[in-house]
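Structural overview for review
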Amino acid sequence: MIQPPTRPLRVGISGTGYIARGLIQLLQPMGDRFEVVIVLTRRAVADVAPVPGEVAVTDNLDQFIGACDMVVECSGAVDGARAVIEAAIAAEKQIVTLNAEFQMALGAAFRDYPHITEAQGDQPGSIAALDEEVRQMGFEPVVYGSQKGFLAPTPSKEDMVYWSERQGISLPAVTSFTDGTKVQIEQALVAECLGGTIAQNGLMGPKTGTLAEGGLELAARAAELGDVISDYALVAGGRGELFIVARHASPPEQLQYYKLGGGEFYIIERPFHLGHFEIPITMIRMAEGRGPLMKHSRKPQLSVGTIAKRALPKGTKVHQAAGSFDFRGEAMTLASASDVVPIGLMEHCVLREALEPGQAVTWADVDLSKEASVALWKSTNL
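Everything numeric in this text was worked out from a predicted model, so none of it was measured.

A look at the overall build of the chain
Along the backbone of the chain there are 13 helices and 15 strands. The C-alpha radius of gyration computed for the chain amounts to 21 Å, which stays within 12% of the reference 21 Å derived for 382 residues, consistent with globular compactness. Seen along its three principal axes, the alpha-carbon backbone of the chain occupies a region of about 60 × 55 × 40 Å. The 382 residues of the chain split such that 55% are buried. Intrachain contacts of the chain at a sequence separation of at least 6 include 71% that bridge at least 24 residues. Split by element, the accessible area of the chain, about 16,400 Å² in all, is 51% carbon and sulfur.

Below you can see the structure in the form of structure tokens.
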């Protein structure tokens, strides 16, 4: 049983990338609440650049778990995160993730552990926080949305290298953002955790001139389906805004007074999500015993399947599919695509069959190496 702390929580961070390093810097002035004591890497320790504050770096999972009270998993990996989460649960640690890839692929298997949550920062956690807020004001969401400014399903490596270097984030991360894999994972996760669904495989993603137009188009589709949907709007110049389209039982003139319009649907925007800057909000929430911000559904209805971007020969060795130039992810209902391999499980595998551009990757097409993660996914999804 986790007890409220009488001293600063000792924090262990799993990951050494942009998010992890930013979080370490952010937490350093918060020594009355949190003390970052150790960082876990999946690489050789000697290959890891010094982290801010000269925090100890280890590749030993047992050492990492033993040193901390709270684990923050932000590696972006799926199978690696699974091992960390399983060890943290066995040791009864508090767990905060900023890892939608892991949560979408395997989060359902850990939903019964009461001390694990996805964090604010990426779109899913920030949408969940907005959902809490609007519901407390009496709104009933019909659309959970994010705004994208640009998508290119098959971006060139030259362009992605340029943006990776310019923005200071990894090449797989910027590629996943650009080809749409990230938004497909995030919006599918939102649907699973907040009790919604998707309007269609691959999401709708209406391309509109304004967020209001896109939001209302999605709301109309939700009304047709009679269900809450999770999706995105593609609006040139969008800055990653989050939004919820909702109904409200109050007289329309009352909300019109507050400049929300007077129609059936009201669009509530949050014009930012701030990555690692928001993670401490969720860390504080968990430390204070206020429960998870997000929990995966007990019986998943959705997956993010793997789609080939280009022709790939039999025998191709795949290091990681998400964020690669070979594959992208697409949100799908499990009912329609139970034979399609989730993109989060496509780590260090080999193609058993040749693939054509646009082809969905089935279980028969690939030899998967992460057997524990594959078995865990199948136990909760099939």
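Structural notes on the sheet that holds strand β14 (residues 347-351)
The three strands are arranged β12-β14-β15 in an open sheet whose pairing can be described as antiparallel. At either end of the open sheet lies a strand with only one pairing partner, and these are β12 (317-320) and β15 (366-367). Bridge count between β14 and β15: two bridges; the pairing is antiparallel. Counted as the bridge partner of V350 is D367 from β15.

Focus: the side chain of S164
Among the structural elements, S164 can be located in helix α6 (residues 157-167). By relative accessible area, S164 is classed as buried at 11%. There is a polar contact of 3.4 Å between the side chain of S164 and the backbone nitrogen of L171. Residue contacts for S164: discarding those within four places in its chain leaves I169, S170, L171 and V174.

Concerning the packing of helix α1 (residues 18-27) against helix α11 (residues 279-287)
At a minimum axis distance of 11 Å, the contact between α1 and α11 shows a crossing angle of 65°. With respect to each other, α1 and α11 are oriented roughly perpendicular. Side by side, α1 and α11 meet where I19, L23, L26 and L27 of the first sit next to I279, P280 and M283 of the second. Residue composition of the contact of α1 with α11, grouped by class: seven nonpolar, no polar and no charged.

Comments concerning the packing of aromatic side chains
Inspection of the entire model under this criterion finds five aromatic pairs. Measuring from ring centre to ring centre gives 5.1 Å for Y162 and W163, while their planes differ by 80°; the resulting arrangement is edge-to-face. A residue is classified by how much of its surface remains accessible, and W163, at 34% relative accessible area, is partly exposed.

Quick look at the nonpolar core
Counting 72 residues, the largest nonpolar core has L106, F327, V341, M346, V366 and L368 as the members making the most contacts within it. Each residue touching L106, except ones within four places of it in the same chain, is listed here: V78, R82, L345, S373, L376 and W377.

So, the sheet that holds strand β6 (residues 116-118)
A sheet is described by the order of its strands in space; here six strands give the open sequence β3-β2-β1-β4-β5-β6, paired in parallel fashion. Sheet topology places β3 (56-58) and β6 at the edges, where each strand pairs with a single neighbour. Put simply, the sheet's adjacent strands are angled 25° from each other on average, direction ignored. The strands that helix α3 (residues 79-90) touches are β1 (9-14), β2 (34-40), β4 (70-73), β5 (94-97) and β6; relative to β4, the one it contacts most, it runs at about 165°. The strands that α11 touches are β1, β2, β4, β5 and β6; relative to β5, the one it contacts most, it runs at about 160°.

A closer look at the packing of α6 against helix α7 (residues 171-179)
Taken N-terminus to C-terminus, the directions of α6 and α7 make an angle of 115°; their axes are 9 Å apart at the nearest point. For the pair α6 and α7, the crossing hand works out as right-handed. On α7, the residues touching K157, M160, V161, W163, S164 and Q167 of α6 are L171, V174, T175 and T178. Residue composition of the contact of α6 with α7, grouped by class: five nonpolar, four polar and one charged.

A few points about the environment of A212
Mapped onto the secondary structure, A212 falls in helix α9 (residues 211-225). Overall, the relative accessible area of 39% leaves A212 in the partly exposed class.

Quick word on the pairing of strand β9 (residues 242-248)
In terms of residue burial, β9 counts as a mostly covered element, since five of its seven residues are buried. Looking at chain direction, strand β7 (residues 139-148) and β9 are connected through seven bridges and run antiparallel. Within the sheet, the bridge partner assigned to F139 lies in β9 and is H248. Pairing geometry for β9 and strand β10 (residues 266-270), over five bridges, is antiparallel. Bridge pairing in β10 places I244 opposite I268.

Cut-offs applied
Residues numbered from 1 in each chain as written. Predicted model: local features only at pLDDT ≥ 70, side-chain atom pairs only at ≥ 80, totals over all residues. Heavy atoms only, no water. Helix = DSSP H or I, 4+ residues; strand = E, 2+ residues; numbered from the N terminus. Rg over C-alpha atoms; globule rule 2.2 N^0.38 Å. Buried < 20%, exposed > 50% of the residue type's maximum accessible area, 1.4 Å probe, protein only. Contact = heavy atoms within 4.5 Å. Areas by Shrake-Rupley, 256 points an atom, 1.4 Å probe, with all protein chains shown as cover. Pairing = 2+ DSSP bridges. Polar contact = N/O pair within 3.5 Å; in protein donor to acceptor, adjacent residues only side chain to side chain. Axes fitted to C-alpha atoms, helices over the stretch in contact; angles between N-to-C directions. Parallel < 35°, antiparallel > 145°, perpendicular 65-115°, else oblique. Nonpolar A, V, L, I, M, F, W, Y, C, P; charged D, E, K, R; others polar. Phe/Tyr/Trp six-rings, centres within 6.5 Å; stacked < 30°, edge-to-face > 60°. Core = buried A, V, L, I, M, F, W, Y, C linked by side-chain atoms within 4.5 Å. Left-handed = near helix turned anticlockwise from the far one by under 90°.

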